[in-house]
Amino acid sequence: MRNQIAQLFAVFFCLSTMPVFAQMPQAEIRSGFREHAAMAQYFRWYQFYERPEGGIENALNILSDDVTVVSGLGTANGLGEYEARVSQLPRTWKNAHHVNSVDIDHAEGGVMKLTAQIIYQNTGMLPNGAVRSANLNYTIELVPGSTVLPLLSDVKIEQAGEIENAAYKDAYADNRMRSLVHYWLALVEDPVRNAAPFKEILADEFVLNFSSGAITGFEGLEAWLAGPGSQVEASTHIIENFSVKETTEETYEVSVDFDWIGILPGGVEMVAKTRHRWAVENDVGERFARIKSMDVEVLEKFRPRNQ
């Protein structure tokens, strides 16, 4: 049974030999999918600012109805005030948000506390096309939503100093693809094994090329989740070597290594490592981009955690 599980799961779930996994308690493994869901929403926060043509709804549906947003622009209480504020931002501005670090802590009632440090860049705010660059600190509270995705209920943004003479660099592709990758991981790790949400992040004709065989339709993915997928009680991933290449205005190539640790029935802990290469289609108006194809290379075979 273990060999069969290894063959099927080494393509999807992964681990590294990093010390963080060597000491990771099972409680953190079991809550990993919630953190990936939080990260999916966090990276979505920037999408409206970076591509406002995607529509205001993509900025609102990640927020709770009673959200509070505090920034240098003042305080917005509730969705209505927040919408009124961001709708007034000049469409001639260009904004980029380069995320340097993110940390997540768990509180009672499923609440998560996210802190992040980023570099914010803008053209249009200053005269003569000058680039404004600043260090910003984010403190965000996320509360459970109606799906695996939590909602941002409290957002505080504080400036931590200006950066001089930095060239502007667009960040949309990186943030958009990171949101997609984290959502994929949240759905794969979610112990509910619900296949329906995958429809939002898969192209109409997708191909998932795993070492155990290709999946070319939703029914195949649904059967995989209900069958082999259910053999892992819990798992979590660490993302490494993430890169994005824009192939056309609406398509991207993503390369990423996944380090995985999983818990099998009976408490047996297993690890592995894979490299994924994705072809992604992007409609700026949708909540997430969509995976057209996925090729998986096994870097470290499925094995017991302590070996």
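Residues numbered from 1 in each chain as written. Predicted model: local features only at pLDDT ≥ 70, side-chain atom pairs only at ≥ 80, totals over all residues. Heavy atoms only, no water.

*Asks:* What am I meant to see in the environment of Asp295 here?
*Replies:* With respect to the element layout, Asp295 can be found in strand β12 (residues 290-304). Sequence separation of Asp295 and Phe242 is 53 residues, and the distance between their C-alpha atoms is 15 Å. Every residue in contact with Asp295, bar those within four places of it in the chain, is listed here: Asn209, Arg275, His276 and Arg277. At 2.7 Å, the side chain of Asp295 forms a polar contact with the side chain of Asn209. (Helix = DSSP H or I, 4+ residues; strand = E, 2+ residues; numbered from the N terminus. Contact = heavy atoms within 4.5 Å. Polar contact = N/O pair within 3.5 Å; in protein donor to acceptor, adjacent residues only side chain to side chain.)

*Asks:* Teacher, can you tell me more about a negative patch on the surface here?
*Replies:* On the surface, Glu53, Glu246, Glu249, Glu250 and Asp283 cluster together into a negatively charged patch. Looking at the secondary structure, you find Glu249 in the loop between β9 (234-248) and β10 (251-263). Owing to a relative accessible area of 68%, Glu249 belongs among the exposed residues under this scheme. (Patch = residues over 30% accessible without salt bridge, like charges linked within 9 Å, V, L, I, M, F, W, Y side chains within 5 Å. Areas by Shrake-Rupley, 256 points an atom, 1.4 Å probe, with all protein chains shown as cover. Salt bridge = Lys/Arg side-chain N within 4 Å of Asp/Glu carboxyl O. Lys, Arg positive; Asp, Glu negative; His and termini not counted. Charge placed at Lys NZ, Arg CZ, Asp CG, Glu CD. Buried < 20%, exposed > 50% of the residue type's maximum accessible area, 1.4 Å probe, protein only.)

*Asks:* Even after reading the chapter, I still don't get the nonpolar core, so can you show me in this structure?
*Replies:* Nonpolar side chains in soluble globular proteins tend to be buried together. In this structure, Trp184, Phe198, Leu208 and Trp278 are the most contacted members of the largest nonpolar core, which totals 39 residues. Looking at this core, the elements with two or more residues in it are α4 (32-44), α8 (172-189), β7 (202-210), α9 (218-226), β10, β11 (269-281) and β12. Sequence-distant contacts of Leu208, that is, excluding residues within four places in its chain, are made with Trp184, Leu202, Gly213, Ala214, Ile215, Leu221 and Met294. Counting residues in each nonpolar core, the second largest holds 30 residues, with Ala116, Leu142, Leu152 and Val155 among its members. (Core = buried A, V, L, I, M, F, W, Y, C linked by side-chain atoms within 4.5 Å.)

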